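Survey of secondary and tertiary structure
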Amino acid sequence: MSQDDQKSAVSAREAMGVFVNFHVAYRQARVYEQNNVQFQERIRLLFDTFQKILQTGEEVQIRIVQDSVFLNQIRLKFNFSNFHVYLFILEEFKNWRIGAASFLPGLTEVEMQSFIIFLSKKLLPQSNSFERLAEDLQAAAFAHIRLEKIPAAEEVKLVGQNAVPMYFLGIYHLKEIFDARHGVLNLHITKRWIQSIVNLLALDESILFGMTTIKNFEDYTLNHSVNVCVLALSLGRRLGLSRRELIELGISACLHDVGKFEIPNEIVDKPGKLTSDERALMELHPQRGAARLLQTRTAQDMPVSAFVVAFEHHLTPSLGGYPKYHWRRETSLFSRIVKIVDYYDAITTKRVYRPKTFTPEEALRLMVDLSGKEFDPILLKAFINMIGVYPIGSLVVLDNCEIGVVIQPNANAAFVKRPKVKLISDTRGNKLDGGIVDLVEPSGTANGFKRSILMSLDPDQYDIHVYDYLLSQAQPGAAGRAKPEGKPSAVRPTAP
Ligand SMILES: [Fe+2]
Ligand SMILES: [Fe+2]
């Protein structure tokens, strides 16, 4: 028994049960009636644990401290299987600016149940979320529930620390999936990973966007598949897809290139031009992918969109491209989303067979030229709005000759060309670990700015790994070891 257990009326396991049951009850409250049997069962389980603590005269307190979640004095240790619960708690607390929720002795099961229903059905206001929630809580007369606002200095700043391991975990998880020779895909794990990514995107997209500048880590197709999944989910969120649709989109995006594992590596990675036979074989990967997914033993659990996207992701909206396909008029929404993010990630990745690697800015320009032919114009517009003119991870030269990496877009649409930049070289070209400059900073002269972007550069030409700088922002103290070289054990999410 740990020290924490000895001091507490409940064990660490029971404390974890509180969060799992709270998470499930909260979701059930959104869709079920109050008298639903399953919902009632969750409430009972949750209240049983609450009672064990309340009977000792102590209150039950859920508190977020920096990157950790506490139940009274027990610090919760989440693992991969329940990581989505941790992110859910963080997201809820961050949205409402709650630092702690306390349940006081005298609390009844009915009061606790009403509170969960109350919270689950509340719409997040535009501003002053905590004050609005506290007012409504008072009006609803929850006598034994008290909320504390998160102190300004404690505003949740955890996303980076979770996004980094979660991103790499995705690559290793896909490796396991693609290596599976027995035709079994554990979609349960894939779904949980996608849920975590969706939660992280809701907290802060910028770090995961930055992670997608990592290319060719472990294996091109694996790394590429995770990037495509992250970007597709982000675009899907902006399009207002439901959580369920996002999970389906995420699975489809992760598995879109599964057919490439049916093509010999000598062809997939061949430097130089493919022969016509090799190209024909390569262009079979959509059919091979869809067929492979259909043949898996868990095919019945797979969303239909996974087969469709694997088959359609190289087709244009009007069915140009490959494979030849005549029995539909247009490709599906998910295929059109994946088509865009797949193309973007592919042409911004250095490959032996591709003569040119595009900078993000060049890639977007090319894609605009192909709008309507290759890509759905409306979705492409939404994608460009999402990525920004200078996406996170762009290497840029400033008008005073400094060089920097874009680390945060400007939220103001009027200043899309003025993101925040981390300086990595001075005006003479000397490398430095510089500060972060905001390009809206005025120069002091009328209508002038201190710095502006002159152009973007190809990081490969300068042998610069932009993700080193992005990861050092995401994980304080991680600079210098940011270039990922570890194996799964080094990157598994050690839960905060
Ligand atoms: Fe593909
Ligand atoms: Fe792809």
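Cut-offs used in this document
- Residues numbered from 1 in each chain as written.
- Chains lettered and ligands numbered in written order.
- Predicted model: local features only at pLDDT ≥ 70, side-chain atom pairs only at ≥ 80, totals over all residues.
- Core = buried A, V, L, I, M, F, W, Y, C linked by C-beta atoms within 7 Å.
- Buried ≥ 20, exposed ≤ 12 C-beta atoms within 10 Å, placed from the backbone.
- Helix = DSSP H or I, 4+ residues; strand = E, 2+ residues; numbered from the N terminus.
- Contact = placed C-beta atoms within 7 Å.
- Pairing = 2+ DSSP bridges.
- Axes fitted to C-alpha atoms, helices over the stretch in contact; angles between N-to-C directions.
- Arc of directions from axis to C-beta.
- Parallel < 35°, antiparallel > 145°, perpendicular 65-115°, else oblique.
- Left-handed = near helix turned anticlockwise from the far one by under 90°.
- Nonpolar A, V, L, I, M, F, W, Y, C, P; charged D, E, K, R; others polar.
- pLDDT = per-residue confidence, 0-100.

1. As for the nonpolar core
Across soluble globular proteins, nonpolar side chains show a tendency to be buried alongside one another. One finds Ile197, Leu208, Ala232, Leu233, Ile337, Ile340 and Val341 to be the most contacted residues of the largest nonpolar core, which totals 115 residues. In terms of residue count, helix α7 (residues 159-179) provides more of this core than any other element does, 10 residues in total. Those residues within four positions of alanine 232 in sequence are excluded, and the remaining contacts are Leu249, Ala253, Ile337, Val338 and Val341.

2. Focus: the environment of asparagine 400
With respect to the secondary-structure elements, asparagine 400 resides in the loop between β6 (395-398) and β7 (403-408). Along the chain, asparagine 400 and aspartate 426 lie 26 residues apart, while their C-alpha atoms are 9.0 Å from each other. In this structure asparagine 400 touches Thr427 and Arg451, once residues within four positions along its chain are discounted.

3. Quick word on the sheet that holds strand β3 (residues 74-75)
Where strands meet in a sheet, backbone hydrogen bonds hold them as pairs that are either parallel or antiparallel. With antiparallel pairing, the five strands of this open sheet are ordered in space as β3-β2-β1-β4-β5. Strand pairing shows two members of the sheet lacking a second neighbour, β3 and β5 (145-149), which therefore form its edges.

4. A few points about the sheet that holds β6
Judged by pairing direction, the sheet is antiparallel, and its five strands sit side by side in the order β9-β8-β7-β6-β10 without closing on themselves. Looking at which strands have only one partner, the edges of the open sheet turn out to be β9 (436-438) and β10 (453-457). The average angle at which neighbouring strand axes cross in this sheet is 40°, direction not considered. Pairing of β6 with β7, which is carried by three bridges, proceeds in the antiparallel orientation. Directly across from valine 397, in β7, lies its bridge partner isoleucine 403.

5. Section: helix α17 (residues 360-369)
Taken together, the buried positions of α17 are occupied by Pro360, Glu361, Leu364 and Met367. Taken around the axis of α17, the buried residues stretch over an arc of 130°, which confines them to a single face. Lining the buried residues of α17 we find α16 (333-347), α18 (377-387) and β10.

6. Focus: the packing of helix α2 (residues 12-31) against helix α5 (residues 109-121)
Packed helix pairs are specified by the crossing angle of their axes together with the interaxial distance, meaning the distance between the axes. Put simply, α2 and α5 touch, their axes get as near as 9 Å, and they point 70° apart. Classified by the angle between their axes, α2 and α5 sit roughly perpendicular to one another. Where α2 crosses over α5, the two elements pack in a sense that is right-handed. Where α2 abuts α5, its residues Ala25, Tyr26, Ala29 and Arg30 lie against Ile116, Ile117, Leu119, Ser120 and Lys121. Per-class residue counts for the contact of α2 with α5 are six nonpolar, one polar and two charged.

7. Digging into unusual backbone geometry
For the bond running from tyrosine 322 to proline 323, omega is -5°, close enough to zero to count as cis. Checked against the element boundaries, proline 323 lands in the loop between α15 (304-312) and α16. Positioned with a positive phi, alanine 141 is a non-glycine residue whose angle comes to about 55°. On the secondary structure map, alanine 141 appears in the loop between α6 (129-139) and β5.

8. Some points on the pairing of β6
Hairpin connection between β6 and β7: a loop of four residues separates the two successive antiparallel strands, and cysteine 401 in this loop has a positive phi of roughly 80°. Across four bridges, the pairing between β6 and β10 is antiparallel. Residue pairing for β10: valine 397 is matched across the bridge by methionine 455.

9. Re the pairing of strand β4 (residues 98-103)
Note that strand β1 (residues 60-65) and β4 share four bridges and pair antiparallel. Looking across to β4, one finds that glutamine 61 is bridged to serine 102. As paired strands, β4 and β5 are joined by five bridges and run antiparallel to one another. The residue bridging serine 102 from the neighbouring strand is arginine 146, located in β5.

10. Some remarks on the environment of glutamine 73
Its place among the elements puts glutamine 73 in the loop between β2 (68-71) and β3. The sequence separation of glutamine 73 and serine 8 amounts to 65 residues, and the corresponding C-alpha distance is 7.2 Å.

11. Observations concerning the confidence of the model for the chain
Per-residue pLDDT for the chain averages 84, and the proportion of residues at 70 or more is 89%. For the chain, per-element mean pLDDT is lowest for helix α20 (residues 488-491), which scores 30, and highest for α16, which scores 96. Note that pLDDT drops below 50 for residues 475-496; the model gives that stretch 38 contacts with residues more than four away or on any other chain.

12. Notes on the packing of helix α8 (residues 187-203) against helix α10 (residues 220-238)
Two numbers describe how α8 lies on α10: the axes approach to 10 Å, and their chain directions differ by 60°. Comparing their axes, α10 and α8 come out oblique. The hand of the α8/α10 crossing is right-handed. Of α10, the residues touching α8 (which contributes Ile197, Val198 and Leu201) are Val230, Leu233, Ser234 and Arg237.

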